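Each chain, written out:
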Amino acid sequence: MVTTKADAVPRVGGRTVEEIRSDFPALARIIERDGKSNVVAYLDNAATSQKPRSVLDAMAAYYERSNANVHRALYTMGEESTALYEESRRAVQRFVNAARPTEIIYTSGTTAGINLVAHSWGRAFLSEGDEILLTEMEHHSNLVPWQLLAKEKGCRLRFIPFGESGELELDRLETLWSDRIKLVSIVHGSNVLGTVNDVKRIVDFAHERGAVALVDGAQSVPHEPVDVQALDCDFLAFSGHKMLGPTGIGILYGKERLLESMPPFLAGGEMIEAVWLDHATWNSLPYKFEAGTPPIAETVGLGAAVDYLGKLGMAAIRDYERELSAYALPRLKAVPGLKVYGEAKRRGGVFSFNVDGVHPHDLAQYLDGEGICVRSGHHCAHPIMRKLDVAATARASLYFYNLPAEIDRLVGALERAKEFFG
Ligand code: C6P
């Protein structure tokens, strides 16, 4: 049973959160600052998550036992390395319920996955006058690649607006639509507003009109069950490091039919079938899109991360985070002078806020003095900041290993910060 009541023991998927926390060495870190010593309260999970011991051990074991390049070596260590690499791909396939492992392309992260689609699919299938539909709440990673492509090809970008509460105005989809829209690319979970968008509705709307749909899953895949077949999206990009895995590894899911039709993006070793001096032919999926030596240890770590999340259960993680968020929101809003940006009905554990008269950078540093990690800045989302009419915000973002007691620490520290900065 999941609970965040102060007098009960919080649990996720049958384990207590305290027990879960003991799997994460960094969560026991003591932060020494300004003569004070505090156990870390890590509340910057939208930026990157902490890693459990099983991920660290899997990566160390790979380097200690099986380090060799993949798909090239015929000796035992090379076979082991290749097997680990491909097992990780199958674990990711199961995790998002892709129909085939060939639909899972390893990239370096969400940013790289979206750029791959822009460079490969976009250049091949968009032409002058075509249009791309995005939302006003995109991270720069799902905006700037399309700006570059639009400039190169003479395409136009359109945007679904969001309203006061931080919800997309989906009732305006019909009037916003144009027959020239060939691609809809939308964020699932906002890294600023916390909004969880109804991407299924947008994907279906796009498909009914013959457009391709890409989902930026950077802030959703780590936090809730995402089933690509149920969602029916054409592409889904996400990052390993936000879901317990290491940095440097990400995933682009793509429907086989589309991936087959696309030209390669990066060229070099592994992505070819045969090469002559003046031309080449391409390897089969997924290797056509995996040029060069991949980040092998990182894929092994990602496989262990996905196993960890799978054992806990993504539905249990989502439910616990919902309760923790419901605990956090009213308490944050009760801090004198604090404004939270984003109060969508469907929201995750991302809280951007400002405290009257205190710069968010000062706030973040003050909180660090109490061992509390939050991010401050524009969160790679200048257009959102502009729409909210702020230069920056502070942001606390939760994961399933956070405790109600950490929210209490944050709230107490924010109240003291308000007094400190006067
Ligand atoms: N947001 C944050 O602190 P990469 O950097 O490629 O792993 O992920 C990019 C990205 C794409 N989409 C969304 C919605 C994101 O939140 C992010 C990463 C981090 O909010 C770093 S800016």
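Since we're looking at a predicted model, the values are computed, not measured.

Rules behind the numbers
Residues numbered from 1 in each chain as written. Predicted model: local features only at pLDDT ≥ 70, side-chain atom pairs only at ≥ 80, totals over all residues. Heavy atoms only, no water. Near = heavy atom within 4 Å. Polar contact = N/O pair within 3.5 Å; in protein donor to acceptor, adjacent residues only side chain to side chain. Areas by Shrake-Rupley, 256 points an atom, 1.4 Å probe, with all protein chains shown as cover. Nonpolar A, V, L, I, M, F, W, Y, C, P; charged D, E, K, R; others polar. Phe/Tyr/Trp six-rings, centres within 6.5 Å; stacked < 30°, edge-to-face > 60°. Helix = DSSP H or I, 4+ residues; strand = E, 2+ residues; numbered from the N terminus. Buried < 20%, exposed > 50% of the residue type's maximum accessible area, 1.4 Å probe, protein only. Lys NZ or Arg CZ within 6 Å of the ring centre and 35° of its normal. Domains from an automatic or database assignment. Contact = heavy atoms within 4.5 Å. Buried area = accessible area lost by both parts, 1.4 Å probe. Salt bridge = Lys/Arg side-chain N within 4 Å of Asp/Glu carboxyl O. Pairing = 2+ DSSP bridges. Axes fitted to C-alpha atoms, helices over the stretch in contact; angles between N-to-C directions. Core = buried A, V, L, I, M, F, W, Y, C linked by side-chain atoms within 4.5 Å.

**Q** Talk me through the site of the ligand; I want residue IDs and the actual numbers.
**A** Near the ligand you find 17 residues, and of these Thr 111, Asp 216, Gln 219, Ser 239 and Arg 375 are the closest. In this structure, an oxygen atom belonging to the ligand sits 2.7 Å away from a side-chain N or O atom of Ser 239. Here an oxygen atom of the ligand sits 2.5 Å away from a polar atom, N or O, in the side chain of Arg 375. A total of 510 Å² of accessible area belongs to the ligand in isolation, and the protein chains cover 88% of it. Split into classes, the residues belonging to the shell around the ligand amount to five nonpolar, eight polar and four charged.

**Q** Describe the packing of aromatic side chains, listing the residues and the values that go with them.
**A** In the structure shown here, the tally under the stated rule is 14 aromatic pairs. An angle of 75 degrees between the planes, with centres 5.4 Å apart, marks the rings of Trp 177 and Phe 205 as edge-to-face. Note that Trp 177 is positioned in the loop between helix H6 (173-176) and strand E9 (181-187) and Phe 205 in helix H7 (residues 199-208), a separation of 28 residues in sequence. Here the aromatic rings of Tyr 366 and Phe 421 are separated by 5.9 Å at their centres, their planes lie at 65 degrees, and the arrangement is edge-to-face. Here Tyr 366, found in helix H12 (residues 360-368), pairs with Phe 421, found in helix H14 (residues 404-421); they are 55 residues apart in sequence, far enough to count as distant. The class for Phe 421 is partly exposed, based on a relative accessible area of 31%. Connected via pairs of aromatic rings, a cluster forms that spans Phe 24, Tyr 308, Tyr 399, Phe 400 and Tyr 401. The ring of Tyr 327 carries Arg 331 above its face, with NZ or CZ at 3.7 Å from the centroid.

**Q** Before we move on, could you go through the domain arrangement of the protein chain and cite the residues and values that matter?
**A** The domain boundaries assigned to the protein chain delineate domain 1 (11-39 + 313-421) and domain 2 (55-311). Here the C-alpha centroids of domain 1 and domain 2 sit 28 Å apart. Domain 1 puts 36 residues into the contact, and the matching count from domain 2 is 34 residues. Interface area for domain 1 against domain 2, summed over the two sides, is near 2700 Å², with a carbon-plus-sulfur share of 58%. Taken as a group, Met 314, Arg 346 and Ile 384 account for 24% of the area that domain 1 buries against domain 2, more than any other trio of residues on that side. Here domain 1 is connected to domain 2 by two salt bridges. As a salt-bridge pair, Glu 136 and Lys 387 come within 2.5 Å of each other at their nearest N and O atoms.

**Q** Please set out the sheet that holds strand E19 (residues 393-397) residue by residue, giving values where relevant.
**A** The strand order across the open sheet formed by four strands is E15-E16-E19-E18, and the pairing between neighbours is antiparallel. At either margin of the open sheet sits one strand with a lone partner, and together these are strand E15 (338-341) and strand E18 (375-377). Across the sheet, the axes of successive neighbouring strands diverge by a mean angle of 30 degrees, strand direction being ignored. Note: strand E16 (residues 350-355) against E19, four bridges, orientation antiparallel. Paired with Phe 353 across the strands is Ala 394, a residue of E19. H12 contacts E16, E18 and E19 of the sheet and is inclined by roughly 165 degrees relative to E18.

**Q** Describe the nonpolar core, with residues and values.
**A** Judged by nonpolar contacts, the single largest core of 108 residues is most densely connected at Leu 236, Phe 400 and Leu 414. Residue contributions to this core peak at ten residues, all from helix H10 (residues 296-312). Two domains share this core, each providing at least three of its residues, namely domain 1 (11-39 + 313-421) and domain 2 (55-311). Excluding its chain neighbours within four sequence positions, the residues that come into contact with Phe 400 are Val 12, Val 17, Ile 20, Phe 24, Leu 244, Tyr 308, Leu 309, Leu 312, Ile 317, Tyr 320 and Glu 321.

**Q** Tell me about the pattern of salt bridges, residues and numbers included.
**A** For the structure on display, the rule yields 28 salt bridges. Measuring nitrogen to oxygen at the nearest pair gives 2.5 Å for the salt bridge that ties Arg 158 to Glu 131. Residue Arg 158 is found in strand E8 (residues 156-160), and its partner Glu 131 is found in strand E7 (residues 131-135); the two are separated by 27 residues along the sequence. Of the residues examined, Glu 131 reaches a relative accessible area of 7% and is grouped as buried. The network of salt bridges with shared partners includes Arg 15, Glu 19 and Asp 23.

**Q** How would you sum up the environment of Tyr 341? Please name residues and give values.
**A** Following the sequence through the fold, Tyr 341 ends up in strand E15. Residue classification places Tyr 341 among the buried positions, given a relative accessible area of 9%. Residues Tyr 341 and Arg 395, 54 residues apart in the sequence, show an inter-C-alpha distance of 9.7 Å. Those residues within four positions of Tyr 341 in sequence are excluded, and the remaining contacts are Val 192, Leu 193, Arg 347, Ser 352, Phe 353, Asn 354, Leu 388, Val 390 and Thr 393. Looking at Tyr 341, its side chain comes within polar contact range of the side chain of Asn 354, at 3.2 Å.

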